[in-house]
Amino acid sequence: MQTPVNVPVPVLRLPRGPDGFSRGFAPDGRRAPLRPEVPEIQECPIAQESLESQEQRARAALRERYLRSLLAMVGHQVSFTLHEGVRVAAHFGATDLDVANFYVSQLQTPIGVQAEALLRCSDIISYTFKP
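What you see is a predicted model, and the numbers here were worked out from it, not measured in a lab.

(A) Structural context of the pattern of salt bridges. Inspection of every chain in the model, using the stated rule, returns three salt bridges. Between Glu64 and Arg68 there is a salt bridge whose closest N-O contact spans 3.1 Å. Of this pair, Glu64 and Arg68 both sit in helix α1 (residues 45-73), four residues apart, which is roughly one turn of the helix. Among the ionic pairs, Asp123 bridges to Arg120, the shortest N-O distance being 2.8 Å. With relative accessibility at 41%, the residue Arg120 sits in the partly exposed group.

(B) Representation of the packing of aromatic side chains within the structure. One pass over the structure, following the stated rule, counts four aromatic pairs. Centre to centre, the rings of Phe80 and Phe102 are 6.1 Å apart; their planes meet at 45 degrees, and the pair counts as tilted. Residue Phe80 is located in strand β1 (residues 77-82), and its partner Phe102 is located in strand β3 (residues 101-109); the two are separated by 22 residues in the primary sequence. For Phe80, a relative accessible area of 1% gives the class buried. Phe102 gets classed as buried once you look at its relative accessible area, which sits at 1%.

Reading guide: rules and limits
Residues numbered from 1 in each chain as written. Predicted model: local features only at pLDDT ≥ 70, side-chain atom pairs only at ≥ 80, totals over all residues. Heavy atoms only, no water. Salt bridge = Lys/Arg side-chain N within 4 Å of Asp/Glu carboxyl O. Helix = DSSP H or I, 4+ residues; strand = E, 2+ residues; numbered from the N terminus. Buried < 20%, exposed > 50% of the residue type's maximum accessible area, 1.4 Å probe, protein only. Phe/Tyr/Trp six-rings, centres within 6.5 Å; stacked < 30°, edge-to-face > 60°.

Here it is in structure tokens:
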């Protein structure tokens, strides 16, 4: 793994939702389970544990790379590809605690420029930026 992150990732706190407990747009929009429920196959417990620990290390490394990419995007121009092939560009500002929304400024859309906006991560297919 890489060295620890010295600068914290900016976090945008969204207002409370209508139910008083959630934040953001969808109070029932919790993340999908990390892995689908699959019936367990009776194998050697040591081999199973080793496989699970390898998967956990791989997930941790991917999560760290993703969080580092978010940190590197702050203040840079980022191009987003959304559903239906829509392409927009904006200056990345922050993300919320659950990484469900991106706060951006100067959002350039096909119909004009929006000064500030929240992009739902579920609407984003991909993003690119140059650090």
